[in-house]
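Single-letter residue listing:
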Amino acid sequence: MKTTLSVIKADIGSIGGHIKPSQSLLESVQNHIKAKSKGILTDYKITHTGDDIAILSTHTGGPLNEKVHKLCWDALLAGTKTAREQGLYGAGQDLLKDSFSGNVKGMGPAIAELEFEERKAEPFLFFAADKTDPGAFNLPAYLTFCDPMHNAGLLLSSNLKKGFTFRIMDVNYTEADKIIELNTPEEIYDIAVLLRDTERYIVEGVYSRVTGEQVAAVSTTRLHNIAGKYTGKDDPVMLVRTQKDFPATGEVLSPYTIGAFVAGFMRGSHNGPLMPVKQNSDISFFDGPPVVSAAAYCVHDGKLTEAADAFAHPYWDYVRTQVSRKAQEMRRQGFFGPAMLPMSELEYGGVVEVLQELDKRFIIKK
Ligand code: 13P
Ligand code: 13P
Ligand code: MG
Ligand code: MG
């Protein structure tokens, strides 16, 4: 029987601004899942990254399964109730629709799911990012699946060398899912052309060209496209299966050494370096910096091991120091140039309103 991994993540309220959920909030989500998951889930883990709560679950129902999605949606509603009772900031922030119809796609939470026949050993990584958007995973995905500078397996393993298929979504198209499939290694330059535009083109999935199996899944939610206005950043999640015919765990982690600049940070309106952090980390400097956590698991008959915290190793302390330096450099120039996002991506209407007012005061000199 096939196993499905489902991650559903949302910001439903946090302490002291956009820092982290409260213990009671986490417990109410946990208690709901614990009480209602019998016969639906095989296993689950509940964690937070910054102010977002992620429900990682295993089951046999396949992706977009109504029972699984309803269970998680209701758990997030139960959490929202607690958030309101405690007066947490942004209670229910990412739950943008009132009525549940079939699955949580398009309702606000970030979703990533993988369905597969379990291998003898089935290691995988679960990434959760806060204060950024799904495009943050574009560069790591490119480097892991296309570049031997990060993925030694592309040179050393005859199977990895056969390449991968990228499914990339144009998230500006909101009528339906608009998807292109491109193959590595022959189309890596075309993949790069799309992935450089992190606000429009997002890696949705990666598939092995040897087995046809899905290796990676990334959430593609754009809250801005659902609500039509800023309601918080689209803090994304990614699942990646590792080892054997797939990249080694360390090859998937390698690109995070860069601390690449991504969109997000304060008010979802700035660029900041993506900092790899430990699981259940909080948010601080300038409502950031953008952070990503990575939990490594093995799953067997749907049962999850405990997590290995992939960014807890001392190596990443050194990276975090360097990323802090990058963040400080960028913050020194405040609102200027690339420090703040371009007009089209500014998450607050204030600048647009000011420009409209000022436009009336311009005079054209003949
Ligand atoms: P081991 O020899 O420890 O199994 O490691 C193999 C490997 O592929 C590491 O990337
Ligand atoms: P979140 O999307 O994580 O809630 O952050 C919103 C924000 O405006 C931070 O400054
Ligand atoms: Mg928030
Ligand atoms: Mg968040």
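As a reminder, the structure under discussion sits directly above these lines.
What you are looking at is a predicted structure, and each value in this text was computed from that prediction instead of being measured. (Residues numbered from 1 in each chain as written. Chains lettered and ligands numbered in written order. Predicted model: local features only at pLDDT ≥ 70, side-chain atom pairs only at ≥ 80, totals over all residues. Heavy atoms only, no water.)

**Quick notes on the coordination of the magnesium ion (ligand 4)**
Expected angles at a metal are 109.5 degrees for tetrahedral coordination by four donors and either 90 or 180 degrees for octahedral coordination by six donors.
Moving on, step 1. Around the magnesium ion (ligand 4), the protein contributes the donor atoms D51 (OD), D52 (OD), D130 (OD) and D235 (OD), which lie 2.1 to 2.6 Å from the metal centre.
Moving on, step 2. In the primary sequence, the donor residues of the magnesium ion (ligand 4) line up as D-D-x77-D-x104-D.
Moving on, step 3. Between the magnesium ion (ligand 4) and the magnesium ion (ligand 3), both coordinated by D51, there is a metal-metal distance of 4.4 Å. Remark: D235 occurs in the loop between helix 7 (223-227) and strand 10 (237-241) and D51 occurs in the loop between strand 2 (43-49) and strand 3 (52-59); sequence separation between them is 184 residues. Both residues of the pair, D51 and D235, belong to the buried class. (Donors = N, O, S within 2.8 Å, 3.2 Å for Na, K, Ca; no water. Helix = DSSP H or I, 4+ residues; strand = E, 2+ residues; numbered from the N terminus. Buried < 20%, exposed > 50% of the residue type's maximum accessible area, 1.4 Å probe, protein only.)

**A word on helix 9 (residues 314-331)**
Moving on, step 1. The terminal C-alpha atoms of helix 9, which comprises 18 residues, lie 26 Å apart, in line with the 26 Å expected from a rise of 1.5 Å per residue.
Moving on, step 2. Listing the buried residues of helix 9 in full gives W316, V319, R320, V323, A327, M330 and R331. Buried residues of helix 9, viewed axially, fall in a sector of 110°; they line one side. Residues P314, Y318, R325, Q328 and E329 are exposed on helix 9 and point more than 90 degrees away from its buried face.
Moving on, step 3. Contacts made by the buried residues of helix 9 are with helix 8 (249-253), strand 11 (261-264), strand 12 (270-273) and strand 13 (275-277). (Expected span 1.5 Å × (residues − 1). Arc of directions from axis to C-beta. Contact = heavy atoms within 4.5 Å.)

**Quick word on the pattern of salt bridges**
Oppositely charged side chains can form a pair if their charged atoms are brought close together.
Moving on, step 1. Within this structure, the stated rule accounts for 17 salt bridges.
Moving on, step 2. Of the charged contacts in the structure, one is a salt bridge between R200 and D170, with a shortest N-O distance of 2.8 Å. With a gap of 30 residues between them, R200 in the loop between helix 6 (188-195) and strand 8 (201-208) and D170 in strand 6 (residues 164-170) connect regions that are remote in the sequence.
Moving on, step 3. Among the residues examined, R200 registers a relative accessible area of 29% and is labelled partly exposed.
Moving on, step 4. The network of salt bridges with shared partners includes R119, E122, E213 and R241. (Salt bridge = Lys/Arg side-chain N within 4 Å of Asp/Glu carboxyl O.)

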